[in-house]
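Notes for the structure review
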Amino acid sequence: MRPTLSQILIGLLTVGAISLPAMAALGGDVSSVQEDQAHMKAALQIRTGQAYTVHELHQESGTVVKEFISPAGKVFAVSWSGPFIPDLRQLLGEYFDKFSQAAQTRAQRPGRTPLMIEQDGLVVQTGGHMRAFTGRAYLTDKLPEGVSTDAIR
Amino acid sequence: MRRGLMFCLCGSLALAAGCGGGSNNSNSNNNNNNGTPTQNTQPIAVNGGPPAAIKLSGIYPNGAFTSVTVCVPGSSTSCQTIDGVLVDTGSFGLRLLSSASGGELTLALPSTSISGSRLGECVQFADTSFIWGPVATADVKIAGEQASSVPVHVVGDTSFASVPATCSTGGLDDDTLAVLGANGILGVGNFQQDCGSFCSTGNPPTGFYYQCPASGCVPTLVSLTQQVQNPVGLFAADNNGVIVELPAVNSPQPSVTGSMIFGIGTQSDNALGSATVFTLDPTTFGFTTTYNNVAYSGSFIDSGSNGIFFLDATTTGMPVCTDATAWYCPASTTQFNVTNQATGGSPHALTFSVGNFDQLTTGSNAAIDDLAGPNAGTFDFGLPFFYGRNVYTSIAGTSAPGGVTPYWAY
């Protein structure tokens, strides 16, 4: 959609919907996670680029979850958009507790705002509204060389 | 508070002449058959929220509040008027906080069951906070309008099943007055049901509707008609959308008042006029906003967001506040020029300003024009956008002037 994304994804190959193990939590090893696609009940597209690979999961619930995987096979970012917020416990993995603590203790007046967490190299941003949610999370020190955070969406 | 009183009077047949004022003087709830227009204008106030909530957690900045009367279906006496209800064009359906959790709702409304078990609902918000409680049925009365037997969400009912683990996204539990900051949420946005077909067909999603037998709550499918509904779409007339009208706020104010007008192009007071229409893109549920020659998709207009939330600190040059990363805290107020455009629609240039959240929220002001914060990759035009504008929100599947619904127009 955005120029930065298309620039970075130049030469990507769409493999199409296949049923391979696909989900890995943020910070996790893509090859080590076998059980999660069943949990997500999702159709998978894999797009391989020079800088990273994107696993795009189209959940039955209508939400699209993307995982951004470094050449070293590590998930350095996740994003989502659609009618439901995905299972963040699963998607954020070992970072869920840190996210949850920050989400519950943020200091601000009452009101409805998007969520913006930046803590110790973990960034979690969520927004949207009922029936149209968006969000992303990434690890600042795990971004592959030359990858802009604009591409994570 | 005064609004609540007026409501009670309006519900009484004998005192109809005392209601409404101005040119709309009918007490009729459900018809235009006698040629008298239905009273379709409801006062709203940006006033910091219900006093009990302010006492607990401070002023709610940029929240528009109103009152809503609910009745046991078919009854004209078993009714309760709830004030301090947030007007939210970014959600769909009426949600009322139980008195058990600090809200005002004490009226016992008949509960909804699925397969012999009570129906519960979890609603997750964009900030990953959530609310939980049973679905019940009520007649909903606002201004002179009435919707009958509307599925509504009772929030924070401590006598109901406890929050299912899969309801929590990890964010705040909003099921109390202190956290919610309101006695309820009136969702009058672009859709009729709060979930739609994703909750009525296929496998039930987790984190939405649950049936709750004694053995515990499990996700369930719910038909479109049994899902919690935008009450406006169920009004007998003026049911294709709402207009939210608020005055300009040139400097922070303790309170400003405005109107929520029901219907678009259905009466003399709700014509679309020359407003620019922004039809929702079917994929992003939004439109495109161009800033610095970059087009960002998925922009939306939402009275329930209490600032203008857009892009990020790097892109805007606006630093976030050190103590509240949801908000921008620039050294001086900064103006932004953007252009909004829907697919197939006309471009519309727009200017707004970003001030320092910490400095603007030190006092007792509730209506603050320049509050803004980050929202990666898109624009959320919250309540400050509504100041000085008439903002139209049409409901999907209805007919309204100006083109294909659902749309926003301003």
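Structure first, text after, so check above.
Scoring rules and cut-offs
Residues numbered from 1 in each chain as written. Chains lettered and ligands numbered in written order. Predicted model: local features only at pLDDT ≥ 70, side-chain atom pairs only at ≥ 80, totals over all residues. Heavy atoms only, no water. Helix = DSSP H or I, 4+ residues; strand = E, 2+ residues; numbered from the N terminus. Rg over C-alpha atoms; globule rule 2.2 N^0.38 Å. Buried < 20%, exposed > 50% of the residue type's maximum accessible area, 1.4 Å probe, protein only. Areas by Shrake-Rupley, 256 points an atom, 1.4 Å probe, with all protein chains shown as cover. Salt bridge = Lys/Arg side-chain N within 4 Å of Asp/Glu carboxyl O.

Another point: the overall build of chain B. In terms of helices and strands, chain B carries six helices and 23 strands. Over its C-alpha atoms chain B spans a radius of gyration of 21 Å, differing by no more than 12% from the 22 Å that the globule rule assigns to 410 residues. Each of the three principal axes of chain B carries a C-alpha extent, and together these read 55 × 55 × 45 Å. When burial is assessed residue by residue, chain B has 59% of its 410 residues classed as buried. Counting only carbon and sulfur atoms, one obtains 52% of the accessible surface of chain B, whose full area is about 14200 Å².

All names here are of chain B. Positionally, Phe208 belongs in the loop between β9 (184-188) and β10 (209-212). Classification of Phe208 as buried rests on a relative accessible area of 6%. For the pair formed by Phe208 and Glu121, sequence separation is 87 residues and the distance between their alpha carbons is 5.6 Å.

This paragraph deals with the pattern of salt bridges. All names here are of chain B. Tallied over the entire structure, the rule returns four salt bridges over all chains. Arg95 serves as the salt-bridge partner of Glu121, at 3.1 Å between the closest nitrogen and oxygen. In this pair, Glu121 sits in strand β6 (residues 117-124) while Arg95 sits in strand β4 (residues 92-97), placing the two residues 26 residues apart along the sequence. We note that Glu121, like Arg95, is buried. What you see here is one network of salt bridges that share partners, running through Arg95, Glu121 and Asp194.

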